Amino acid sequence: MAKKKRIEVMACAGTGCVSGGAFQIIDALEKELTAHGLIDEISIVPTGCNGFCGQGPLMVVIPDNIFYGWLTLDAIPHLVEEHFLKGRPVQKLMFTPPEEKEPFPLLSDIPFFRKQLLVVLRNKGIIDPEKIEDYVARDGYTALEKVLSSMPPDTVIGEISKSGLRGRGGAGFPTGTKWEIARKQEKTPRYLIANCDEGDPGAYMDRSVLESDPHSVIEGMSIAAYAIGSSDGFIYVRSEYPLAIERMKTALSQAREYGLLGSSILDSGFDFDIEIREGSGAFVCGEETSLIHSIEGDIPEPRQRPPFPAQSGLWGCPTVINNVETLANVPVIITRGSEWYSNIGTETSKGTKIFSLVGKINNTGLIEVPMGINLRDVVYEIGGGIPNGKEFKAVQTGGPSGGCIPASMLDSPIDYESLVEAGSMMGSGGMIVMDEDTCVVDVSKFFIQFTNDESCGKCVACRDGSEALLEVLDRIAGGEGREGDVEFLEELGAAVKDASMCGLGQTLPNPVLSTLNYFRDEYEAHVNEKRCPALVCRDMIQYYIDPDKCVGCLKCLKNCPTEAIMGELKYVHIIEQDKCSKCGQCLEECPPKISAVIKVTGNDMDSLEQLTEIVACAERKN
Amino acid sequence: MQHSTTSDERVGAALVVGGGIGGMQAALDLAEAGIKVYLVDNKPSIGGVMSQLDKTFPTNDCAMCTMAPRLVEIGRHKDIEKITLSEIESVTGQPGNFRVHLRKQPRYVDETKCTGCGACVENCPTRNEVQLVELGRTELAPQHQEEVLGILERHRDRKGPLMPILQDVNVAFNYFPENVLRFISQETGYPLTHINRIATFYSAFSLKPIGKHVINLCMGTACYVRGAGILLEKFSEALNIGVGETTEDMLFTFKSVRCIGCCGLAPVMMTGDDVYGKLQTKDIPDIIKKYRQAEQ
C-alpha cells in the first residue's frame, strides 16, 4: 500500500462541482503542487458529491478538516503557497454565511453539516468513488460477507423488517415486506431492480449516491438479491446522468474483478450479477410497472396493480424494485444491526432521509437528516435561511406529486405520515424552498404543465384531467379567471385523484390541492381582483419606473429588447406599457442603489399609469 | 373550388368541412337559407362516426334514425354538392371570398353513374381474402451499415434488447433514420409500429435529424423558480427558433428538459457534456458564440 501522505485534499467531483470546473481546478492544483515539490506529500482525491453544492467547486483539506468553497483557477497558486507551503489557511476561500463577517474554517463547524446525520451518505466526500479499495477500507462489503457466511435469507429479511426501513422512492412501502412477498413466490427466476430513474424536478439524491458511493448500492443489491433468491439484477438509470452511469460501470467491473459479483460470490455458491439499463427521458418510467415495460423493450406505460411486481413483474416473474437510496441503507443495517437503525427517526418512519434542498435558500445542497426533524431546522439551521432577507413562504416536497407546506407548519416533523397529513408527501426527497416572490398559481401551473407533458396518455383521468386543470390554471394566471374556477379546480382535482390508474395520475393534483388549501386567498386575488400578490403572473403586472428615484442613466433603455423605454440621458425614463413585453430586463439592469424599476399589480397599475402621463413631460435631473 | 371572382365580390356559397352529423346539419341549414353548399369529407362517404353507433348518449336515441333522414335530404338537395375522399390543402382569401384547394383521392368508380347497388362489392372475387403487400427487404444506406450491424450484433443475445439498440443508434446518428428503424424491425422481429411507438415515446429520441449541439435548458422546479422561464425566451430569441426546433445550419437544437439534477446551480443548461450553471440572460450570446466559433 502506498505511504500515507501528509495532507489529503478531498476535491468534490460531483456533477455540480464538475460543471463549475472542478477538474480544471484539480489539474491546476496538481500542477502547482508539483511546481512546489509538494506532490509527494500531498495527495488529491476526487470524491463524489460533498453535498454543499451551492458552494461548488469546493474541497476539504484533511486532517485539518478545512473547508474551501467557490474555488477559482486564479485562487489556486495563492492557496498552495499560503496553506500547503506556509501552513496558513486562507480565510477568503472559507465559508462565510451571508450577513456575517467571520468565516467558518472547519467543515464540522459549518451549520449546514452540523445538524446532519450521515448513514447512506456515510462515505460522501471521504472516498474516491472510482476505487473499490477506498470503499473496502471503510468496512465496505463486510455486510455482504456477514450475510453470505452466517445469515440465511429469512434472517436477512427479518432483520430488514425489524429495522423499519421503508421505501425511499416516496410511497414508503416497508422494504422487508416487499422482499418477503417476492421470496414466497414459487415462480423463478426472480429479479431485482434498483430504481434510479429520478425524474422529479428539483431532486438529485439518487444521482448523488451513485456518484459518490456506487459500491454501497451494489452491496445493498447483492444482499437484497440473496434475501429474495435472485441472481439477475438491473440498475435503471436516467440517461440525463452520464457521470453516474460512468461511475456505476467502473464500480461494477471492479466488483466483478474482486469476485463480489458473478458466480459463487465469496465462495458461498450464491450467483449474482447486475446490468445497467438506461432510460431515455420519460418521467413515467419511474413508476415501477412502466419501468418494467421499459426494460422489457415494451411501450413504457403503467399497468393496473395487482398483481404487484413482487408477485409478477419483469417477464412475468417475481420482481423487487427498490429505490437506490433504500438499497444503500441495507449494508449499514446489516453491519450495525436493526436495533441501532430503528433508534433513529420516529415511531413509524425509521432511519434517515436524504433531501435535496434547493430553490430560494442560502445553502443549496444535499442533506441527510434523521426522520422526524422539523422543517424549521432544515430551512433555517441547515439551509441558512432565505437569501436577500426575503420572507419564507412555503416549501414544496415530493416533486410534482407532492404539495406545499406553508410557514405555519414549519414546526411539524418530517416523516411519511406528517407530510401526507399536510397534503404533501415524502416523494423521493426534493425540497424546494419558495419565498415571497414565488406565486403559488404560477408554481401549480408549472407542475401541472409538467405532469401534463409527462402523462403517458393511457388513462383518461390523467391525460384529459391534467389538460383541463392546466386550461383553468392558465386562465387564472392570465387574468381571465372566472367565478367558480377555484371550486372547479378542487372538484376536478379530487376526481383525477380517484380515477387515475397509476401513481402519476393519482398524485398529480396534489400541488394544486395543497396550495388551494393553504393559499386560497392568492387564487382568489387572481380571480376576483386580477391581482398577483407575488408579482409574478405576467398578464397581471406592469413594470414601472419611479420618477423620484430614476437618475436617467440610460441603462434600462439601452437594454430593453422591445425598445419600450423612452427617455434621454439625465431625463426620467418612462416605460411605454403597450410595447413592454414584461421580460424584466430593466429591473435586472437598474443599479441596486437606484432601484427605480418596480413591479406593480392590480389597482396600482391604473393609478400609476395616470402618474406616468403626468411625468411624461419629463423633468430634468441634475 | 375555384371561382374567378375579384377580391371585393362576395360569393353566396359556403364550404362545410366534415360530413359527420354536425356537418350534415350545417350543410342543410345553409342550403335551406339559400346558400350553395360544398360538403367536404375525407372518407369515401358522408355520415361520420355516428353511422357506426347504435344508440346515442344520453337519451339512447337510435343513431341511424337521427341521421338517415339527413343523409337522404342531402342526397336530394340541389344546392348541396358532396365532395368525398377529399382533403383541404389550403385556404386563402378573406370572409366572403375564400379560395380553397382540395386534393381528391381516386375512387376508381365513376361517381356520376354509380347507384350504390352493392353488386360489385358482393361479387368481387378477392373480397374477404387477406391482401398481403409484398415488402422488399430493407437495405441499409452505406453510411449506416457498419454502425447498425455492430449495434445489432452487440445486443443479439440480450433479453429485451430493443431499448439498448435504440439508445445506441441514437448515440450514433443523433436521430432515427427511417430505413434504420425498418432494418431493425426486420432483423429483430419487433413490428415497425411497436418500434415507432417507443421511438416517439421518449423525449431523448427524434425521428428528424437534430443539430450538432443540443441546448438542453433545464426547466426543473429549482431552475423555474430561479427564472428559467425568461432564459427560455431569450434563448429562443437568440437562436431564432422555438423549443424543439433546429437551426437552419443544423448547428443547434433547442430543447427544454425536466431537471438534470444540478439544482444547486440553478438555473442550468447542458450541451453535450458541458453544464452551465447560475445562468443569466447576459451569458446567452457568449455561449452561442462559443459553439459557433468552434465550428469555424
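Residues numbered from 1 in each chain as written. Chains lettered and ligands numbered in written order. Predicted model: local features only at pLDDT ≥ 70, side-chain atom pairs only at ≥ 80, totals over all residues.

**Some points on the overall build of chain B**
Move 1: Helix and strand counts for chain B stand at 10 helices and 11 strands.
Move 2: Scaling as 2.2 N^0.38, a compact globule of 296 residues should have a C-alpha radius of gyration of about 19 Å, whereas chain B reaches 28 Å, well beyond that.
Move 3: For chain B, the spread of C-alpha atoms along the three principal axes comes to 70 × 55 × 45 Å.
Move 4: Here the contacts in chain B between residues at least 6 apart in sequence split such that 57% fall between residues at least 24 apart. (Helix = DSSP H or I, 4+ residues; strand = E, 2+ residues; numbered from the N terminus. Rg over C-alpha atoms; globule rule 2.2 N^0.38 Å. Contact = placed C-beta atoms within 7 Å.)

**Side note on the overall build of chain A**
Move 1: Scanning chain A for helices and strands turns up 25 helices and 17 strands.
Move 2: Here chain A has a C-alpha radius of gyration of 27 Å; the compact-globule value for 622 residues is 25 Å, and the two agree.
Move 3: Expressed along its principal axes, the backbone C-alpha trace of chain A runs to roughly 90 × 70 × 40 Å.
Move 4: Buried positions account for 53% of the 622 residues belonging to chain A.
Move 5: Considering only intrachain contacts with a sequence separation of at least 6, the fraction spanning at least 24 residues in chain A is 71%. (Buried ≥ 20, exposed ≤ 12 C-beta atoms within 10 Å, placed from the backbone.)

**Some points on the domain arrangement of chain A**
All names here are of chain A.
Move 1: Domain boundaries assigned for chain A yield domain 1 (7-109), domain 2 (132-342), domain 3 (352-435), domain 4 (440-528) and domain 5 (541-615).
Move 2: In this structure, domain 1 and domain 2 have C-alpha centres spaced 34 Å apart.
Move 3: Grouping the constituent residues of the side of domain 1 that touches domain 2 by class yields two nonpolar, four polar and no charged. (Domains from an automatic or database assignment. Nonpolar A, V, L, I, M, F, W, Y, C, P; charged D, E, K, R; others polar.)

**Things to note about the interface of chain B and chain A**
Move 1: Counting from both sides, the interface comprises 33 residues of chain B and, opposite them, 43 residues of chain A.
Move 2: Sorting the residues of the side of chain B that touches chain A by element identifies α5 (162-173), α7 (192-201), α8 (221-225) and α9 (228-239) of chain B as the ones contributing at least two each.
Move 3: Per-class residue counts for the side of chain B that touches chain A are 20 nonpolar, nine polar and four charged.

**A short note on the packing of helix α6 (residues 142-150) of chain A against helix α10 (residues 214-228) of chain A**
All names here are of chain A.
Move 1: Close contact between α6 and α10 brings their axes to 9 Å; oriented N to C, the two are set at 15°. Relative to α10, α6 is oriented roughly parallel. As α6 runs across α10, the sense of the crossing is left-handed. Here A143, L144, V147 and L148 of α6 lie close against α10, whose contacting residues are E219, S222, I223 and Y226. (Axes fitted to C-alpha atoms, helices over the stretch in contact; angles between N-to-C directions. Parallel < 35°, antiparallel > 145°, perpendicular 65-115°, else oblique. Left-handed = near helix turned anticlockwise from the far one by under 90°.)

**Details of the nonpolar core**
The tendency in soluble globular proteins is for nonpolar side chains to be buried as a group.
Move 1: The biggest cluster of nonpolar side chains holds 199 residues, and the ones touching the most others in it are M59, I223 and A224 of chain A together with C218 and V268 of chain B.
Move 2: In terms of residue count, the dominant contributor to this core is α10 of chain A (nine residues).
Move 3: Here M59 of chain A is in contact with V9, M10, A11, C12, Y68 and L71 of chain A, once residues within four sequence places are set aside.
Move 4: Judged by nonpolar contacts, the second largest core, of 16 residues, contains A564, I574, I575 and V597 of chain A. (Core = buried A, V, L, I, M, F, W, Y, C linked by C-beta atoms within 7 Å.)

**Observations regarding the domain arrangement of chain B**
The accessible area lost on association of the parts is a frequent measure of interface size.
Move 1: For chain B, the assigned domains are domain 1 (13-105), domain 2 (142-201) and domain 3 (213-295).
Move 2: Here the C-alpha centre of domain 3 of chain B lies 48 Å away from the C-alpha centre of domain 1 of chain B.

**Things to note about the sheet that holds strand β5 (residues 80-83) of chain B**
Two pairing modes exist for strands in a sheet, parallel and antiparallel, and in both the strands are linked by backbone hydrogen bonds.
Residue and element names in this part refer to chain B.
Move 1: Strand order across the open sheet formed by three strands is β1-β2-β5, with parallel pairing between neighbours. Whereas interior strands pair on both sides, the edge strands pair on one side only; in this sheet they are β1 (13-17) and β5. Each strand axis lies, on average, 20° off the axis of its neighbour in the sheet, ignoring direction.
Move 2: With five bridges joining them, β1 and strand β2 (residues 36-40) adopt parallel strand pairing. Its bridge partner being in β2, V16 is matched across the sheet by L39. (Pairing = 2+ DSSP bridges.)

**Details of the confidence of the model for chain B**
Atomic detail in the predicted coordinates should be set aside for any region of low pLDDT.
Move 1: Mean pLDDT for chain B: 87, with 97% of residues reaching 70 or above.
Move 2: Low confidence marks residues 1-5 of chain B, where pLDDT is under 50. Its contacts with residues over four positions away, or in another chain, come to seven contacts. (pLDDT = per-residue confidence, 0-100.)

**Digging into the sheet that holds strand β10 (residues 365-370) of chain A**
All names here are of chain A.
Move 1: Spatially, the five strands line up as an open sheet ordered β10-β9-β13-β11-β12, and their pairing is mixed. Each edge of the sheet is formed by a strand with only one pairing partner; in this case those strands are β10 and β12 (403-406). Strand-to-strand twist across the sheet, computed as the mean angle between neighbouring axes with direction ignored, equals 30°.
Move 2: Here strand β11 (residues 392-397) runs beside strand β13 (residues 430-435); their pairing, made up of five bridges, is antiparallel. In the sheet register, T397 faces β13, and the bridge partner there is M431.

**Observations regarding the packing of α6 of chain A against helix α13 (residues 324-336) of chain A**
All names here are of chain A.
Move 1: Relative orientation of the contacting elements α6 and α13 amounts to 65°, with a least axis distance of 8 Å. Between α6 and α13 lies a crossing of left-handed hand. Between α6 and α13, the contacting residues are T142, A143, K146 and V147 on the first element and P331, I334 and T335 on the second.
Move 2: Classifying every residue of the contact of α6 with α13 gives four nonpolar, two polar and one charged.

**Side note on the confidence of the model for chain A**
Move 1: Residues with a pLDDT of 70 or more make up 97% of chain A, whose mean pLDDT is 88.
Move 2: The lowest-confidence element of chain A is helix α25 (residues 603-615) of chain A, averaging 67 in pLDDT; the highest-confidence one is α10 of chain A, averaging 95.

**Structural notes on helix α10 (residues 284-295) of chain B**
Move 1: Over its 12 residues, α10 of chain B runs 17 Å from end to end, which matches the ideal 16 Å to within 8%, given 1.5 Å per residue.
Move 2: Of all 12 residues making up α10 of chain B, only zero are buried, and the element is barely covered by its neighbours. (Expected span 1.5 Å × (residues − 1).)

**Quick notes on unusual backbone geometry**
All names here are of chain A.
Move 1: The peptide bond linking R305 to P306 adopts the cis configuration, its omega dihedral lying at -5°.
Move 2: Inspection of the secondary structure assignment puts P306 in the loop between α12 (288-296) and β8 (319-323).
Move 3: Following P306, the chain continues into P307 via a peptide bond in cis, with omega recorded as 0°.
Move 4: For P307, the location among the structural elements is in the loop between α12 and β8.
Move 5: Phi is positive for D139, close to 65°, though the residue is something other than glycine.
Move 6: Assignment of secondary structure puts D139 in the loop between α5 (132-137) and α6.
Move 7: Unusually for a residue other than glycine, L554 sits at a positive phi of about 75°.
Move 8: Residue position: L554 is located in the loop between β14 (541-545) and α23 (555-559).
Move 9: According to the C-beta neighbour criterion, L554 is partly exposed, with 16 such atoms within 10 Å.

**Things to note about the environment of G56 of chain A**
All names here are of chain A.
Move 1: Note that G56 resides in the loop between β2 (42-47) and β3 (59-62).
Move 2: Given 28 C-beta atoms within 10 Å, G56 falls into the buried group.
Move 3: In sequence terms G56 and G262 are 206 residues apart; their C-alpha atoms lie 38 Å from each other.

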